[in-house]
Amino acid sequence: MQRYRHYGTSYSSSSPSSVPVEEVHAEEEEEEEEVYTEEEVYEEEAEPLIQEEVDPVLKETGGVNEEEVTQTKEEVQPVVEETGRRGFEGKTPPVESKNGKRTERGGGGGGGGGGGGGDAAGGGSKYSMFTWFVVLALLGVWSSVAVVYFDIVDYDSVIARAKEFRMNFSEVLQGKLTAYDTDGDGDFDVEDAKVLLGLKEAETAHVGGSPEEKTETTEPLAETTNQQAAEPQGAEPTEATSSETPTEESAPVSEISPLPVHHDDEVSRSQDVESEIQAAVPLPPLMKDDFVPDDPRDSAHPYEDQADTIDTTGVLVEERPSEESVGTNEKQAEEKLKEKAKKKKPKLLNKFDKTIKAEIDAAEKLRKKGKLEEALRVFETLVQQHPQSPRARYGKAQTEDDLAEKLRSNDMLQRAINSYREAAELPDVTSDLLRAALKRRAERQQFLGRMRGSLATLERLTQIFPEDISLKNDLGVAHLLLGDNKGAKKVYEEVLAVAPGNGFAKVHYGFILKSENKIAESIPYLKEGLESGEPGTDDGRFYFHLGDALQRMGDKSAYHWYELGHKHGHFASVWQRSLYNVDGLKAQPWWTPKETGYTDLVKMLERNWKTIRDEALAVMDQNTRSFIPEEENLREKGEWGQYTLWQQGKKAGSSCQGVPKTCSLMERYPEATGCKRGQIKFSVMQPGTHVWPHTGPTNCRLRMHLGLVIPKQGCRIRCTDQTREWEEGKVLIFDDSFEHEVWQDADSYRLIFIVDVWHPELTAYQRQTLSPI
């Protein structure tokens with residue numbers, strides 16, 4: 001059983017047309033406190049109305065007979081129906097009057113009626129008043145029930161308007177009084193009043209600087225803030241957003257393990273993973289460390305639809321809008337309409353679920369408060385009592401989902417996946433709930449590494465909702481996660497046929513074209529997709545591949561896109577463009593043995609270089625003087641072969657059998673053999689070879705090159721803007737997360753021994769828990 005994976009590696013594939021699928025309780029919010037507040041107000045207003053109807057009768061008769069009581073009830077009934085709930089006792093609870101004192105209501109009228117009768121008539125009137133209050137109480141109760149049950153009053157809108165009035169009134173009032181601001185402080189205060197009354201002379205306001213100066217002052221601050229905000233994204237969390245293997249720094253090994261890595265026992269299948277990002281590969285999933293709220297709209301600003309400013313001058317100015325402003329206003333209006341359409345809350349309750357809404361809401365409140373075990377018991381009880389309730393089963397699935405995160409349990413997450421399916425398969429399920437349940441199920445299946453199950457779920461979703469472009473985009477990603485580039489390409493071609501401007505589809509389609517080595521064709525799709533700014537497009541991999549494609553076409557604008565990727569927090573710098581990073585590690589292109597702290601390893605390699613060279617020559621093809629060809633599409637021209645001994649911290653098949661002495665020497669240095677983000681291998685390059693500028697995938701390693709067979713002239717390596725040459729028996733050390741490039745213009749082959757080691761600043765815990773690359 002696969003261990004529970006870290007919540008930091010799922011792929012975010014929402015597109016602009018997508019509607020948030022996490023639970024949005026559109027019809028399930030019941031604001032009880034506001035209801036009770038409204039009822040108290042109604043009671044205070046209703047009391048004088050009743051008294052006005054009853055007092056004339058009492059004054060004229062001194063008592064109340066049966067006919068008068070009936071007539072009074074008929075007159076009072078319409079008023080009562082509007083007043084809200086009343087208690088069952090004739091005496092209403094004390095309330096605060098305008099002067100803050102608590103007073104009793106209702107008792108005075110009854111006493112006056114009794115006193116007016118005097119004798120037997122007084123006794124009769126007292127009985128009649130009691131009956132009258134009982135009738136009123138019953139009517140109040142039933143009318144209150146009707147108001148609440150049938151939603152006659154829209155309490156949400158009433159409360160929203162009250163809040164809006166309260167917040168805006170003071171601003172508007174202050175804005176009108178600003179016209180009398182005499183000291184230039186921006187508001188009307190006591191000092192301004194003194195000037196108006198002639199008690200003080202007006203002072204000239206001193207402005208600290210012009211708007212231009214203020215702008216110049218604030219821009220660097222904003223830029224610094226953006227950079228600080230972007231830094232963590234370039235750190236290890238960014239790695240989590242780019243790897244199918246989950247980030248593991250924050251959890252013990254016993255609890256979290258990465259996806260299984262399939263190794264090929266044959267050396268011929270080994271790869272140089274330094275170019276894993278450079279060569280287009282299927283997109284791995286991205287997971288966010290924090291659980292996404294079920295309704296992203298809950299965190300939106302409550303007043304984002306209001307106007308940004310209020311008239312603070314008090315002066316009415318008429319100005320004819322220009323044609324450009326009219327066009328801009330129209331666009332803004334269209335955007336607002338689109339936003340409102342997006343914010344439309346899904347309907348998750350069918351007719352039957354509405355009858356048990358109170359029970360569902362009670363369980364949902366427990367879930368939102370984090371009382372997951374109790375909430376799960378309540379939802380399970382609801383499912384047992386109402387097995388045909390989609391909403392109850394969906395709530396159960398969500399609670400199991402939350403509990404799986406809390407307990408870090410794969411078993412509980414599998415229960416949630418099953419519950420989502422059960423909720424979607426029930427009859428009379430609303431389309432919104434069906435969509436939400438199946439999409440969440442697909443996401444959790446991807447989280448567990450069950451890509452084919454996720455693909456099947458998404459295919460069903462696209463069949464049910466064929467017009468939903470966002471679901472088709474998600475389906476394309478699912479194909480990529482399976483390594484099915486052809487299937488993904490077909491999906492994105494269908495999307496672009498009906499939505500040619502869809503940025504999400506464009507960047508992924510461009511990514512696929514580049515993986516097919518259609519470099520020139522991929523550039524416009526990658527560029528236009530990134531320029532769209534749509535959700536899911538601002539990804540370091542797309543900046544990476546667009547820049548790489550432009551470089552291969554000889555276009556210097558590649559560094560413009562690298563710079564944008566750096567500003568967006570995807571790259572540590574324009575030169576250092578690795579995507580699987582740990583924040584805070586020392587970053588420099590070239591290193592000395594002393595700086596690494598691995599002087600013993602360097603000395604061993606340089607002392608035994610001839611032994612290592614002889615074994616390498618023995619396993620080379622004697623006719624071609626080569627190894628297995630490099631297959632990562634890094635070469636512009638020429639031949640480049642590799643023979644891998646260790647990869648991802650493990651021996652590569654039986655390759656050590658051909659070079660036993662070399663492997664025996666290396667086994668004493670765990671900083672190299674245990675480097676899960678590196679390799680140990682021989683590399684041979686034939687004359688006339690040029691390797692494109694590229695970067696390695698991670699800043700967690702340093703790369704050593706031991707020269708074995710080096711021609712006198714023509715072989716060189718550039719890292720950033722510094723170029724060096726190899727020497728036989730000597731070690732070069734550089735950080736391959738920086739851009740580097742290789743030329744082999746000699747007359748014979750070049751042979752080196754490559755040893756990757758952990759970055760010296762990584763802790764033992766990090767080395768143990770970092771995921772392999």
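Quick notes on the rules
- Residues numbered from 1 in each chain as written.
- Predicted model: local features only at pLDDT ≥ 70, side-chain atom pairs only at ≥ 80, totals over all residues.
- Heavy atoms only, no water.
- Helix = DSSP H or I, 4+ residues; strand = E, 2+ residues; numbered from the N terminus.
- Buried < 20%, exposed > 50% of the residue type's maximum accessible area, 1.4 Å probe, protein only.
- Areas by Shrake-Rupley, 256 points an atom, 1.4 Å probe, with all protein chains shown as cover.
- Disulfide = S-S within 2.5 Å.
- Expected span 1.5 Å × (residues − 1).
- Core = buried A, V, L, I, M, F, W, Y, C linked by side-chain atoms within 4.5 Å.
- Contact = heavy atoms within 4.5 Å.
- Pairing = 2+ DSSP bridges.
- Axes fitted to C-alpha atoms, helices over the stretch in contact; angles between N-to-C directions.
- Phe/Tyr/Trp six-rings, centres within 6.5 Å; stacked < 30°, edge-to-face > 60°.
- Lys NZ or Arg CZ within 6 Å of the ring centre and 35° of its normal.
- Parallel < 35°, antiparallel > 145°, perpendicular 65-115°, else oblique.
- Left-handed = near helix turned anticlockwise from the far one by under 90°.
- Nonpolar A, V, L, I, M, F, W, Y, C, P; charged D, E, K, R; others polar.
- Salt bridge = Lys/Arg side-chain N within 4 Å of Asp/Glu carboxyl O.
- pLDDT = per-residue confidence, 0-100.
- Polar contact = N/O pair within 3.5 Å; in protein donor to acceptor, adjacent residues only side chain to side chain.

Visitor: Just checking my understanding: could you explain the overall build of the protein chain for this structure?
Guide: Helices and strands together make up the secondary structure of the protein chain, namely 28 helices and 15 strands. Here the protein chain holds 773 residues, and the buried ones make up 47% of them. Of the roughly 39,700 Å² of accessible surface on the protein chain, a fraction of 52% belongs to carbon and sulfur atoms.

Visitor: I keep staring at the state of the cysteines and nothing clicks. Help me out?
Guide: Every disulfide links exactly two cysteines, by a covalent bond between their sulfur atoms. The tally for this structure, following the rule as stated, stands at one disulfide. Shown here is the disulfide that connects C656 with C663, its sulfur atoms set 2.1 Å apart. Judged by the torsion about the S-S bond (-85 degrees), the C656/C663 disulfide is left-handed. Classification of C656 as buried rests on a relative accessible area of 11%. Between C675, a cysteine without a disulfide, and C700, which holds the nearest cysteine sulfur, the sulfur-to-sulfur distance is 8.4 Å.

Visitor: Help me out: how do you make sense of helix α17 (residues 469-481) in this one?
Guide: Every α-helix winds through 3.6 residues per turn, so residues three or four apart in the chain are directed the same way. End to end, α17 covers 19 Å across 13 residues, agreeing with the expected 18 Å (1.5 Å per residue, within 8%). Within α17, 13 of the 13 residues are buried, which leaves the element mostly enclosed by the surrounding structure. Of the residues trailing α17, G483 is marked for its positive phi of about 80 degrees.

Visitor: Just to check I follow, could you spell out the nonpolar core for this structure?
Guide: The nonpolar side chains of a soluble globular protein tend to be buried with one another. Counting residues in hydrophobic clusters, the biggest one holds 44 residues, and the most contacted among them are L601, L605, F682, L751 and F753. Secondary-structure elements contributing two or more residues to this core are α24 (599-607), α25 (609-619), β6 (640-647), α26 (660-666), β8 (679-685), β10 (701-709), β13 (731-734) and β15 (750-758). Of all hydrophobic cores here, the second largest spans 22 residues; its members include A397, A423, A442 and F465.

Visitor: What is the right way to read the environment of S522 from this model?
Guide: Here S522 shows up in helix α20 (residues 519-532). In this structure S522 touches G510, L513, K514 and A549, once residues within four positions along its chain are discounted.

Visitor: Sorry if this is basic, but what is going on with the environment of M412 here?
Guide: Inspection of the secondary structure assignment puts M412 in helix α14 (residues 410-425). Its relative accessible area of 10% is what places M412 among the buried residues. Sequence spacing of M412 and E400 is 12 residues, and the spatial spacing of their C-alpha atoms is 6.2 Å. Setting aside its immediate chain neighbours within four residues, M412 contacts E400, L403 and A404.

Visitor: Which parts of the structure should I look at to understand helix α13 (residues 390-407)?
Guide: Between its first and last C-alpha, α13 extends 25 Å over 18 residues, near the 26 Å set by a 1.5 Å rise per residue. Among the 18 residues in α13, 15 count as buried, and that is most of the element. R408 sits one or two residues past α13 and shows a positive phi near 55 degrees.

Visitor: Looking at this model, I keep getting lost on the pairing of β10. Mind explaining?
Guide: For a regular strand, side-chain orientation follows a simple rule: the groups alternate between the two sheet faces. Taking burial as the measure, the nine residues of β10 include nine buried ones, the bulk of the element. In the sheet, β10 pairs with β15 via eight bridges, with the strands oriented antiparallel. Bridge pairing links L702 to V757 in β15. Bridge count between β10 and β13: four bridges; the pairing is antiparallel.

Visitor: How should I be thinking about the sheet that holds strand β11 (residues 715-719) in this particular structure?
Guide: By way of backbone hydrogen bonds, the strands of a sheet pair with one another, either parallel or antiparallel. Judged by pairing direction, the sheet is antiparallel, and its five strands sit side by side in the order β5-β9-β14-β11-β12 without closing on themselves. Each of the sheet's edge strands pairs with one partner strand only, and the pair in question is β5 (635-637) and β12 (722-724). Between one strand axis and the next, the sheet turns by 20 degrees as a mean value, whatever way the strands run. For β11 and β12, the ladder comprises three bridges, and the chain directions are antiparallel. Bridged to I717 within β12 is R724.

Visitor: How should the packing of aromatic side chains be read in this particular structure?
Guide: Each pair of aromatic rings is reported with the distance of its centres and the angle of its planes. In total, this model carries 14 aromatic pairs according to the counting rule given. Seen in terms of ring centroids, Y559 and W575 are 6.0 Å apart; in terms of plane orientation they differ by 65 degrees. Their pairing is edge-to-face. Residue Y559 is located in helix α22 (residues 558-567), and its partner W575 is located in the loop between α22 and β3 (590-591); the two are separated by 16 residues in the primary sequence. On the basis of relative accessibility, which here comes to 30%, the residue W575 falls in the partly exposed class. Joined through ring pairs, the aromatic side chains of F544, Y559, Y562, F571 and W575 make up one cluster. Cation over ring: K586 sits above W591, and NZ or CZ is 5.1 Å from the ring centre. The residue whose ring lies beneath R750 is W726, and the NZ or CZ to ring-centre distance is 4.7 Å.

Visitor: Where do I start with unusual backbone geometry in this structure?
Guide: The general pattern is negative phi for most residues beyond glycine and trans for most peptide bonds. Positive phi outside glycine occurs at N517, with the angle close to 65 degrees. Here N517 lies in the loop between α19 (503-515) and α20. Backbone geometry places Q648, a non-glycine residue, at a positive phi of 55 degrees.

Visitor: Honestly, the packing of helix α21 (residues 540-552) against α22 in this entry has me stumped. Any pointers?
Guide: For any two helices packed against each other, one specifies the crossing angle of their axes together with the interaxial distance. The N-to-C vectors of α21 and α22 enclose an angle of 165 degrees; their axes lie 8 Å apart at closest approach. Judged on the interaxial angle alone, α22 and α21 are roughly antiparallel. Between α21 and α22 lies a crossing whose hand is left-handed. Contacts between α21 and α22 involve Y543, F544, L546, G547, D548, L550 and Q551 from the former and A558, Y559, W561, Y562, L564 and G565 from the latter. Grouping the amino acids of the contact of α21 with α22 by side-chain chemistry returns nine nonpolar, three polar and one charged.

Visitor: Is there a simple way to think about the pairing of strand β9 (residues 689-694) in this case?
Guide: For β9, the buried fraction is high: six of the six residues fall into the buried class. Looking at chain direction, β9 and strand β14 (residues 740-744) are connected through four bridges and run antiparallel. The residue of β14 that forms the bridge with H694 is H740.

Visitor: Help me understand the pattern of salt bridges, please; the structure alone is not making it clear to me.
Guide: A side chain with one charge may pair with a side chain of the opposite charge, provided their charged atoms come close. One pass over the full model with this rule turns up 30 salt bridges. For E425, the salt bridge goes to R421, with nearest N and O atoms at 3.4 Å. Remark: R421 and E425 occur in helix α14; sequence separation between them is four residues, near one turn of the helix. Take R421: its relative accessible area is 27%, and that puts it in the partly exposed class. By sharing partners, the salt bridges in this structure join E364, R367, R391 and D402 into a single network.

Visitor: I keep staring at the confidence of the model for the protein chain and nothing clicks. Help me out?
Guide: Atom-level detail of predicted coordinates should not be read off regions where pLDDT is low. Averaged over all residues, the pLDDT of the protein chain equals 73, while 58% of them reach at least 70. Here residues 1-124 scores under 50 on pLDDT; set against residues more than four positions off or in separate chains, the count is 253 contacts. Long-range and interchain partners of residues 204-326, a stretch whose pLDDT sits below 50, account for 257 contacts in this model, where long-range means more than four residues apart.

Visitor: Please explain the side chain of R367 as it appears in this structure.
Guide: Along the chain, the position of R367 falls in helix α11 (residues 357-368). There is a polar contact of 2.6 Å between the side chain of R367 and the side chain of D402.

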